[in-house]
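# Observations on the three-dimensional arrangement
For reference, the chains in residue letters:
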Amino acid sequence: MSIIRIDTDILIIGGGAAGCFAAVEIHKKSPDSKVVIMEKAHIERSGCLAMGLNAINAYIHSGQTPESYVSYVEKQFVGIIRKDLVYGIAQGLNEAVRDVEKMGLPIDRNDDGTYKKRGKRSIRIFGERLKPLLAEAVQKTPAQILNRVVATNFIYDGERVCGAFGYGVRNSTFYVVRAKAVIVATGGASGIYKPNNPGVARHLMWYCPWNVGTGYAMGIRIGAEMTSFENRFIALRVKDVHAPTGTIAVGAHSKQINARGEDYLERYYKHIGGNKCLTQHRLLATIEETKAGRGPCYLDTTTLSESDERRLKEDFLNMNPQIVLLWAGKGMNPRNKPVEIHGTEPFVVGGHCQAGYWIDKERNTTVKGLYAAGEVAGGAPKKYVSGSWVEARIATATALEDIKDVSLGDIDDSIIQIEKNRVLSPLNKKSGVSPLEMRERLQKIMDEYAGGISMNYVIHEERLLEARRLLKCLKERIKDMTAVNNYNLVEALECVDRIDVARVLVEHLIYRKETRWSCYQPRLDYPEKKDERWLVFVNSIYNPDTDEIKMVERPLCQ
Amino acid sequence: MSIFIDENICNGCKGLAEARCERICPGDLCYRKENMKAAIRDQSACWTCAACVKECPVQAIELRLPFQACSNGASLKARLKHDKTIWTVWYADGHQEEFIIQAKCLKGDR
């Protein structure tokens, strides 16, 4: 097994929305700085944007302000957000969108040249090729792109992150990348819970199935502080294909109706004094209607005009072609029949919700030399793609400033050997636990004991304690995992990362003894929201020496 | 089934180090067999993102849905042009629908 050693100024882990934007930014600000992107797949079509995108849902239209944006996000998350982070994002949204438009992204415009408003904070784009366009912008810079290299761990000397290890699946080569600064931009975590679709359709899911929480797990393993994992995200999506409902509800103004044709949303938020339905209430209402025997629930697309319908299909082809295929397979059009909706399995994400690294305004993590941007960065929900670009911009400015008086760290050969052996060990075993078995076991534990779909997402202490115990046992079986080829080895590494993320998630779920987010974190044993006690961030720090997860609280204002 | 690769159309991207679908698949699922035809190693791991469908220069790859999601056959193909993407959808009854969608703004429009 050969080893490739690379030295760089800044290493970006994950060449997705945030990672690509970061590489372009560094080149703009400091053309002489060396950049390496370590990417698990190929940056032209990887991660969340592989399918494309039809809207940018974080944008400040005229009449709105960064302040109004922050207050919207705060309401959506029932008082718990990092206002400093969200404000910084809001200030940069429009400029970031304009930058990506200049890369070639088509955006729907009015005759006067302004962007057409899709929703209050949303614009319509033709983003089938958004990812290739971002990649093209990166390819115009001298950044070195390591496609098909899976990041496995940070290189950490106990003080500072000085690079990362990776495994190249095409050339069976171990990578040691030394860097003065590392920006982690790997995305959130799917596959922690049992997915909606079983068996051969297991990856027909909402979130990118290859975003498995590696960036979180790598941070957890070096004791980086994490925040708000208990703020899970469960998406309300089109049943079976998990196409976004916003395209229909916001883009085409369709109402949510139950099986009796009733518009059911109002009764779930009017009584709590709201005049606007929170994203989580759209899901909660749908679950409750179904439990009450008034499901299935739908988005009423039967009122669409023929041109609306065509436009809707075009929007979906730009982002989720499966739903167009679903209609074609059923031999129907959305005008003939409402579109059935349901909740997905829970995900751990920092772009829709706020699970991730605990960071400061400059996007420093709690570990020196490590900066976070995009979905892995916590505390700033509803940042989506445009907010991820803004975070990438902020993180690169911080990293560039920081490395002025930093030199590359020395890496002991023994550390390289230990990591190489850890990564490759599944290949050397003849019998044991397959990655598939490991993943299914994890997903079953999480589904049944930590509030998955089969439990209607609800959680309570006794079951969570059982999840804690079972996950600890499962972690002990990691050493028995086998792999027969590189593809299989990556699956095994994904299991390791998912288990680390799941364990932290369970501790967060245990710790918050209230119900803050009625759908994302519904506690049967503490069903009320308790502002006097729980208007705090729940954070965690893993200790790799003792294998313990320490929980800490942080005040709302930072 | 998530994607269907028509071996009669696939030319294996001869001359390239990797087939284009193999190069692009975000899940590392496509590969080239010994007969230089593309294949998918695990249908159940496919996200149906259509990256391979779009990248294939000879339209040998169709997007289909797993049987459990929709038991009637329908398929989808895409052709990438310089600034637009052309989609063809085949319905279960055989009729088809075409969509031509802008995918890139040209230099002068930016």
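As the structure is a computational prediction, the values presented were derived from the model and not from experiment. (Residues numbered from 1 in each chain as written. Chains lettered and ligands numbered in written order. Predicted model: local features only at pLDDT ≥ 70, side-chain atom pairs only at ≥ 80, totals over all residues. Heavy atoms only, no water.)

## So, the overall build of chain B
- In terms of helices and strands, chain B carries two helices and seven strands.
- Along its sequence from the N terminus, chain B presents helices and strands in the succession β-α-β-β-α-β-β-β-β.
- Taken along the three principal axes of its C-alpha coordinates, chain B extends 45 × 40 × 25 Å.
- The buried share among the 110 residues of chain B stands at 55%.
- For chain B, the proportion of contacts with a sequence separation of at least 24, taken over those separated by at least 6, is 36%.
- Carbon and sulfur atoms form 48% of the exposed surface of chain B, whose accessible area is close to 4,900 Å². (Helix = DSSP H or I, 4+ residues; strand = E, 2+ residues; numbered from the N terminus. Buried < 20%, exposed > 50% of the residue type's maximum accessible area, 1.4 Å probe, protein only. Contact = heavy atoms within 4.5 Å. Areas by Shrake-Rupley, 256 points an atom, 1.4 Å probe, with all protein chains shown as cover.)

## Describing the domain arrangement of chain A
Residues and elements named next belong to chain A.
- According to the domain assignment, chain A consists of domain 1 (3-187 + 350-414), domain 2 (238-343) and domain 3 (424-534).
- Here domain 2 and domain 3 have C-alpha centroids that lie 30 Å from each other.
- For the pair domain 2 and domain 3, the summed buried surface comes to about 670 Å²; carbon and sulfur atoms form 60% of the total.
- Together, Gln280, Leu284 and Ile287 form the three largest contributors to the area buried by domain 2 at its contact with domain 3, with a combined 61%.
- If you look at where domain 2 meets domain 3, you find two residue pairs in polar contact (both at pLDDT 80 or more). (Domains from an automatic or database assignment. Buried area = accessible area lost by both parts, 1.4 Å probe. Polar contact = N/O pair within 3.5 Å; in protein donor to acceptor, adjacent residues only side chain to side chain.)

## Considerations on helix α12 (residues 413-424) of chain A
All names here are of chain A.
- With twelve residues, α12 extends 16 Å between its outermost C-alpha atoms, agreeing within 8% with the 16 Å of an ideal straight helix rising 1.5 Å per residue.
- When we look at burial in α12, the residues that qualify are Ile416, Glu419, Lys420, Val423 and Leu424. The buried residues of α12 occupy an angular sector of 120° when projected down its axis, which confines them to one face. (Expected span 1.5 Å × (residues − 1). Arc of directions from axis to C-beta.)

## Describing the packing of helix α2 (residues 66-76) of chain A against helix α3 (residues 83-102) of chain A
All names here are of chain A.
- Between α2 and α3, the shortest axis-to-axis distance is 9 Å and the interhelical angle comes to 135°. Relative to α3, α2 is oriented oblique. Two packed elements cross with a definite hand, and for α2 against α3 that hand is right-handed. Contacts between α2 and α3 pair Pro66, Glu67, Tyr69, Val70, Val73 and Glu74 from the former with Lys83, Val86, Tyr87, Ala90, Gln91 and Leu93 from the latter.
- Its residues assigned to classes, the contact of α2 with α3 shows eight nonpolar, one polar and three charged. (Axes fitted to C-alpha atoms, helices over the stretch in contact; angles between N-to-C directions. Parallel < 35°, antiparallel > 145°, perpendicular 65-115°, else oblique. Left-handed = near helix turned anticlockwise from the far one by under 90°. Nonpolar A, V, L, I, M, F, W, Y, C, P; charged D, E, K, R; others polar.)

## A closer look at the sheet that holds strand β10 (residues 226-227) of chain A
Residue and element names in this part refer to chain A.
- One open sheet holds the four strands; their spatial order is β15-β10-β17-β18, and the pairing between them is antiparallel. What marks the edges here is a single partner per strand, and that holds for β15 (356-357) and β18 (548-555).
- Across eight bridges, the pairing between strand β17 (residues 536-543) and β18 is antiparallel. Bridged to tyrosine 542 within β18 is isoleucine 549. (Pairing = 2+ DSSP bridges.)

## What to know about a positive patch on the surface
- A cluster of basic residues, Lys75, Lys117, Lys120 and Lys276 of chain A, forms a positive patch at the surface.
- Here lysine 75 of chain A shows up in helix α2. (Patch = residues over 30% accessible without salt bridge, like charges linked within 9 Å, V, L, I, M, F, W, Y side chains within 5 Å. Salt bridge = Lys/Arg side-chain N within 4 Å of Asp/Glu carboxyl O. Lys, Arg positive; Asp, Glu negative; His and termini not counted. Charge placed at Lys NZ, Arg CZ, Asp CG, Glu CD.)

## Looking at the interface of chain B and chain A
- Listed per partner, the contact involves 53 residues of chain B and 58 residues of chain A.
- Carbon and sulfur atoms make up 58% of the area that chain B and chain A hide from each other, which totals about 4,700 Å².
- Contributions of two or more residues to the side of chain B that touches chain A are made by α1 (20-24), α2 (51-55), β5 (75-80), β6 (84-90) and β7 (96-102) of chain B.
- Partitioned by chemical class, the residues of the side of chain B that touches chain A number 27 nonpolar, ten polar and 16 charged.

## A short note on the packing of aromatic side chains
All names here are of chain A.
- Throughout the structure, instances matching the rule amount to 14 aromatic pairs over all chains.
- Ring geometry for tryptophan 206 and phenylalanine 233: centres 5.2 Å apart, planes at 65°, overall edge-to-face. Pair noted here: tryptophan 206 is in the loop between β9 (173-184) and α5 (214-221) and phenylalanine 233 is in the loop between β10 and β11 (236-238), with a separation of 27 residues, a long-range link. Exposure class is identical for tryptophan 206 and phenylalanine 233. Each is buried.
- Centroid distance tryptophan 206 to phenylalanine 347: 5.1 Å. Interplanar angle 70°. Geometry classified as edge-to-face. Here tryptophan 206, found in the loop between β9 and α5, pairs with phenylalanine 347, found in the loop between β14 (339-343) and β15; they are 141 residues apart in sequence, far enough to count as distant. There is no split in this pair, since tryptophan 206 and phenylalanine 347 are both buried. (Phe/Tyr/Trp six-rings, centres within 6.5 Å; stacked < 30°, edge-to-face > 60°.)

## Points about the packing of helix α1 (residues 17-29) of chain A against helix α4 (residues 130-139) of chain A
All names here are of chain A.
- Direction vectors running N to C along α1 and α4 enclose 30°, while the axes themselves pass 8 Å from each other. In terms of axis orientation, α1 runs roughly parallel to α4. For the pair α1 and α4, the crossing hand works out as left-handed. Between α1 and α4, the contacting residues are Ala17, Cys20, Ala23 and Val24 on the first element and Lys131, Leu134, Ala137 and Val138 on the second.

## Structural notes on the nonpolar core
Residue and element names in this part refer to chain A.
- Formed by 217 residues in total, the largest nonpolar core has its most connected members in Phe154, Tyr216, Phe229, Tyr357, Trp389 and Met446.
- Broken down by element, this core gets its largest block of residues, twelve residues, from helix α15 (residues 486-511).
- Each residue touching methionine 446, except ones within four places of it in the same chain, is listed here: Ile192, Tyr193, Gly451, Gly452, Leu471, Ala502, Leu505 and Val506.
- Within the second largest apolar cluster, 16 residues are counted, among which are Val150, Cys162, Phe165 and Ile411. (Core = buried A, V, L, I, M, F, W, Y, C linked by side-chain atoms within 4.5 Å.)

## Digging into the pattern of salt bridges
Residues and elements named next belong to chain A.
- The full count for this structure, using the stated rule, is 68 salt bridges over all chains.
- A salt bridge links arginine 221 to aspartate 497; the nearest nitrogen and oxygen atoms lie 2.9 Å apart. Here aspartate 497 lies in helix α15 and arginine 221 lies in helix α5, a separation of 276 residues in the sequence.
- Overall, arginine 221 belongs to the buried group, its relative accessible area being 16%.
- For glutamate 466, the salt bridge is made with arginine 469, and the minimal N-O distance between the two is 2.9 Å. Of this pair, glutamate 466 and arginine 469 both sit in helix α14 (residues 461-476), three residues apart, which is roughly one turn of the helix.
- When its relative accessible area of 24% is taken as the criterion, glutamate 466 is described as partly exposed.

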